[in-house]
Structure formats: structure tokens, C-alpha cells
Amino acid sequence: MKTIGVLTSGGDAPGMNAAIRAVVRAGIYNKIRVMGIEQGYNGLINGNIKEMNLSSVADIIHRGGTFLKTARCEEFKTEEGRKKAVNVLNVFGIEGLVVIGGDGSFTGAKKLSELGIKTIGIPGTIDNDLAYTDYTIGFDTAVNTVLDAISNIRDTSTSHGRANIVEVMGRHCGDIALFAGLAGGAESVIVPEEKFEVDEVCRKLIQGKSRGKLHSIIMLAEGVGNAFELGKEIEEKTGIETKVTVLGHIQRGGNPSAFDRILASKLGAKAVELLMNGESGKVVGIKDNKLIDMDITEALSMKKEFDKETYELTKILSI
Ligand code: ADP
Ligand code: F6P
């Protein structure tokens, strides 16, 4: 393998830069030319491609976002769009492609591999919604960002004796709410994977208040319900003033945590190694603290299991 390409696709995630750096540096170390493709599949179709050198990825390991930029590309979902992409890859002499993104980007990578392009996927999304890997790049940083926010919210909530609903991202996955809820000592964690009762949330708030708690945090994953309506209902039922904070895109930015930088560096190098071994249509990840690779079709067909044990623990520890 003489030339490979790397792109980031879908929602950005802290640590994507560290992953690009690892692909570029591991490639060059192994005497492979590495081409950076800008704006995901969009840039691929339009030939927005430039050769990377060691300096291209200097000073980025600690930066959030993706310096190659990212995009959501409708054209790539069409057969015609993908054929254009294959043509561009051939023109640039790119034999192998590393795609850093989530399940949508992986679906695109799988289709490219079916067209004869050697592709490897690296999981980059804050959502942690891929079943085959314990962690995706960006998740740990996002959880830490949420924790910072919770700690600020606690200060003001305590001063006023209020409750606060903190709505976090995750698309259809409750992992950010769950892990930030456990680490942040939330009174309740509301996720799409588990049914919840408003009355139970209210009971906990009242119980906490009666034993002298000065504030309460309710972690709410996006998409479960309207945070503001929930806040109103809780306030009416408990008499406790309830504020709502929707954290939004603040969770997608910021310097990647040590965990995400290390994971990204290892997975980037592993992706290059697989391409050098002639592998294709695979994804890399981490399972039980070990790096793994798996067939992309198999990985995409796996259903993510919700971490019920951790969920139950949040309930036990917030009595
Ligand atoms: P993520 O990779 O974070 O899940 P998206 O679901 O938005 O993000 O997907 C990112 C991009 O991957 C899409 O804009 C599209 O270009 C490509 N993609 C998604 N689904 C498909 C599909 N079924 N076929 C081909 N490409 C796809
Ligand atoms: O997939 C990452 C994510 O941040 C989700 O958590 C969220 O639902 C979505 O992307 C937001 O997308 P956008 O950046 O297009 O608003």
C-alpha cells in the first residue's frame, strides 16, 4: 500500500484531531503517503484533497474539532455519488481509506469497501452509541464537559435551593446522561433506554429536600421528552423551583481528555496497520481494555446493550 487517505465525517468529536495525527504519522513512519480529505465524503466527491506531512498534524493533538473539517453528505448516499468518490480516489492514487466517524459514516465506508476501496473505520462520536466498542473517541471528553457544567450549576442551585434539569446529547443513546449522572452525583438519570416515572423523580427531590439537600440535579438525555415541560411538571408537583439547562453543542467542543487522545492515537495507528496488512471493510475499537478490529457489517449489525448495572447503581447511590 503506497497511498492512503483519511477523512472525518458526521458530527465532530474531541479527539478526532488526535486520530488524524496518528494516521498521518503512523503512515509516514511506514513510508506510506497520506492524503487528507477535507469535509468528509463531500470533500471526497469534490476532490478536496491534499497531501499531509509531519508538520500538517503538528500542534493538533490537544485541539477539539477536526482540522480536516467534517460534513454530512447526501450525495454520498447515492450510488452515483459513491462512484464519483471511487473515481476521485483512483485519480489521486488512494488505495486505502480511513474513515473517522459514527455509524452513518461507517455505513458509507462499508459501501465504499464493496466498491473495491480498502476502508477502515475509527469510531469518532461523543454519543458512544456503537455496540462493538466499549468507547468511542470523544465520549470521555463530552462526559467531562458535562461534569464541569454540573459543577457550576450546583453552585448556583445550592445558593437558591433549586433543582436543575440538565439536558445532554447522545442522539438515541443515554450513555452521556448515564455516565455524567453517576460521576456528577445526579439525583435522577433519565435515558431513552429505560422507562421513567415523573412521580418517582419528584419523590426523590422531596425526600432529598427533607433531609437537608440544598440542590438536586436531574440528568436528562435528549429526545426522551421536553425538558422545559418536565421542569414545569416537577415544579408543580414538588413546589421546588426547577430550572432547565440544555447543554447543546458545548458538549461537542473542547480539548480532548487524556483518555480520548490515547484512544485516538492507538486506534489511528491500528487502522494504518490493518491497511498495511491488506485488510478492508473493518472497524477498530476497544473492548475490555484491549484494541480490537471487526468486520464492519458485523459491527453495524450489533445492537448496543444499555449498561443497566451502572443505571441501577445511579439509583442506589442517589437515595
Ligand atoms: P455519524 O457518522 O456521526 O453517524 P451521520 O449519520 O450524519 O453521522 O452520517 C455521516 C455521513 O455518512 C452522511 O452524511 C453520509 O454522507 C454518510 N452516510 C450515512 N448513511 C449512509 C448510507 N446509508 N449510505 C452511504 N453513506 C451514508
Ligand atoms: O452525533 C453527535 C451529536 O452531537 C448528537 O449527540 C446530536 O443529537 C447531534 O449530533 C447534533 O447534530 P448537529 O450538530 O447536526 O446539531
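About the thresholds
Residues numbered from 1 in each chain as written. Chains lettered and ligands numbered in written order. Predicted model: local features only at pLDDT ≥ 70, side-chain atom pairs only at ≥ 80, totals over all residues. Heavy atoms only, no water. UniProt positions renumbered as here; feature names shortened; annotations may be inferred. Axes fitted to C-alpha atoms, helices over the stretch in contact; angles between N-to-C directions. Helix = DSSP H or I, 4+ residues; strand = E, 2+ residues; numbered from the N terminus. Parallel < 35°, antiparallel > 145°, perpendicular 65-115°, else oblique. Left-handed = near helix turned anticlockwise from the far one by under 90°. Contact = heavy atoms within 4.5 Å. Nonpolar A, V, L, I, M, F, W, Y, C, P; charged D, E, K, R; others polar. Near = heavy atom within 4 Å. Polar contact = N/O pair within 3.5 Å; in protein donor to acceptor, adjacent residues only side chain to side chain. 1 Å grid on protein atoms, 1.4 Å probe; cavity = no way out; pocket = protein on both sides within 12 Å on 5 of 7 lines; lining within 4 Å. Sits in = over half its atoms within 2 Å of the grid points. Buried < 20%, exposed > 50% of the residue type's maximum accessible area, 1.4 Å probe, protein only. Domains from an automatic or database assignment. Buried area = accessible area lost by both parts, 1.4 Å probe. Salt bridge = Lys/Arg side-chain N within 4 Å of Asp/Glu carboxyl O. Pairing = 2+ DSSP bridges. Phe/Tyr/Trp six-rings, centres within 6.5 Å; stacked < 30°, edge-to-face > 60°. Expected span 1.5 Å × (residues − 1). Arc of directions from axis to C-beta.

Per an unreviewed UniProt entry, the protein goes by ATP-dependent 6-phosphofructokinase and derives from Crassaminicella thermophila. Quoted verbatim from the Subunit (unreviewed entry) field of the UniProt record, the comment on the protein reads "Homotetramer."

A.B. asks: A description of the packing of helix 1 (residues 16-29) against helix 9 (residues 258-276) should follow, citing residues and the corresponding values.
C.D. replies: Running from N to C, helix 1 and helix 9 point in directions that differ by 40°, and their axes come no closer than 7 Å. As far as their axial angle goes, helix 9 and helix 1 are oblique. For the pair helix 1 and helix 9, the sense of crossing is right-handed. Of the residues in helix 9, those touching helix 1 at Ala18, Ala19, Ala22, Val23, Ala26 and Gly27 are Arg261, Ala264, Ser265, Gly268, Ala269 and Val272. Of the residues belonging to the contact of helix 1 with helix 9, the class tally is eight nonpolar, three polar and one charged.

A.B. asks: Mind laying out the site of ligand 1, listing which residues take part and the relevant values?
C.D. replies: Lining the immediate surroundings of ligand 1 are 16 residues, of which Arg72, Cys73, Gly102, Asp103 and Ser105 lie closest. Between Asp103 and ligand 1, the recorded distance is 2.9 Å, taken from a side-chain N or O atom to an oxygen atom. At 3.3 Å, a side-chain N or O of Lys111 approaches a nitrogen atom of ligand 1. More than half of the atoms of ligand 1 fall within 2 Å of the grid points belonging to the largest pocket. At six residues, helix 4 (residues 103-114) tops the list of elements feeding residues into the shell around ligand 1. For the shell around ligand 1, the residue count by class is three nonpolar, eight polar and five charged.

A.B. asks: Give a description of the UniProt feature "active site" (unreviewed entry) in the protein that names residues and reports values.
C.D. replies: As annotated in UniProt, the feature "active site" (unreviewed entry) corresponds to Asp127 in the numbering used here. For Asp127, the location among the structural elements is in the loop between strand 5 (118-123) and helix 5 (139-160). For Asp127, a relative accessible area of 8% gives the class buried. Ignoring any residue separated from it by four or fewer positions in sequence, one finds Asp127 in contact with Phe139, Gly170, Arg171, Cys173, Asp175 and Ile176.

A.B. asks: Account for the domain arrangement of the protein, naming residues and giving values.
C.D. replies: Looking at the protein, the domain boundaries give domain 1 (3-138 + 256-301) and domain 2 (142-252). Of note, the centres of domain 1 and domain 2, computed from C-alpha atoms alone, are 35 Å apart. Taken residue by residue, the interface counts 12 residues in domain 1 and 11 residues in domain 2. The junction of domain 1 with domain 2 conceals about 870 Å² of combined surface from both sides, 46% of it contributed by carbon and sulfur atoms. Sorting the residues of domain 1 by area buried against domain 2 places Asp12, Ile126 and Asp127 first, and these three jointly supply 52% of that buried surface. Counting across the interface, domain 1 meets domain 2 through two salt bridges. Put simply, domain 1 and domain 2 have three residue pairs in polar contact (both at pLDDT 80 or more) between them. Of the residues belonging to the side of domain 1 that touches domain 2, the class tally is four nonpolar, four polar and four charged.

A.B. asks: Which residues make up the sheet that holds strand 8 (residues 216-221), and what are the values?
C.D. replies: Two pairing modes exist for strands in a sheet, parallel and antiparallel, and in both the strands are linked by backbone hydrogen bonds. Spatial ordering of the open sheet is given by 7-8-6-9, a layout of four strands whose pairing is parallel. Because the sheet does not close on itself, it has two edges, and the strands there are strand 7 (188-190) and strand 9 (242-246). On average, each strand axis in the sheet is inclined to that of its neighbour by 20°, with strand direction left out of account. The pairing of strand 6 (residues 163-168) with strand 9 spans five bridges and is parallel. For Ala163, the partnering residue across the bridge sits in strand 9 and is Thr242. In the packing of helix 8 (residues 227-238) onto the sheet, the strands contacted are strand 6, strand 7, strand 8 and strand 9, and the crossing angle to strand 9 comes to about 165°.

A.B. asks: Go over the packing of aromatic side chains with me, naming the residues and quoting the values.
C.D. replies: Applying the stated criterion to the full structure yields six aromatic pairs. Ring centres of Phe139 and Phe179 lie 5.4 Å apart, and the angle between their planes is 85°; this geometry places the pair in the edge-to-face category. Of the two residues, Phe139 is situated in helix 5 and Phe179 in helix 6 (residues 175-183); the sequence distance between them amounts to 40 residues.

A.B. asks: For helix 3 (residues 79-91), give the residues involved together with the corresponding values.
C.D. replies: End to end, helix 3 covers 18 Å across 13 residues, agreeing with the expected 18 Å (1.5 Å per residue, within 8%). Turning to helix 3, its buried residues are Gly81, Arg82, Ala85, Val86, Val88 and Leu89. End-on view of helix 3: buried residues confined to an arc of 160°, all on one side of the axis. Residues of helix 3 that are exposed and point over 90 degrees away from its buried face: Glu79, Glu80, Lys83, Asn90 and Val91. Residues of helix 3 that are buried make contact with helix 2 (40-45), strand 3 (49-51) and helix 4.

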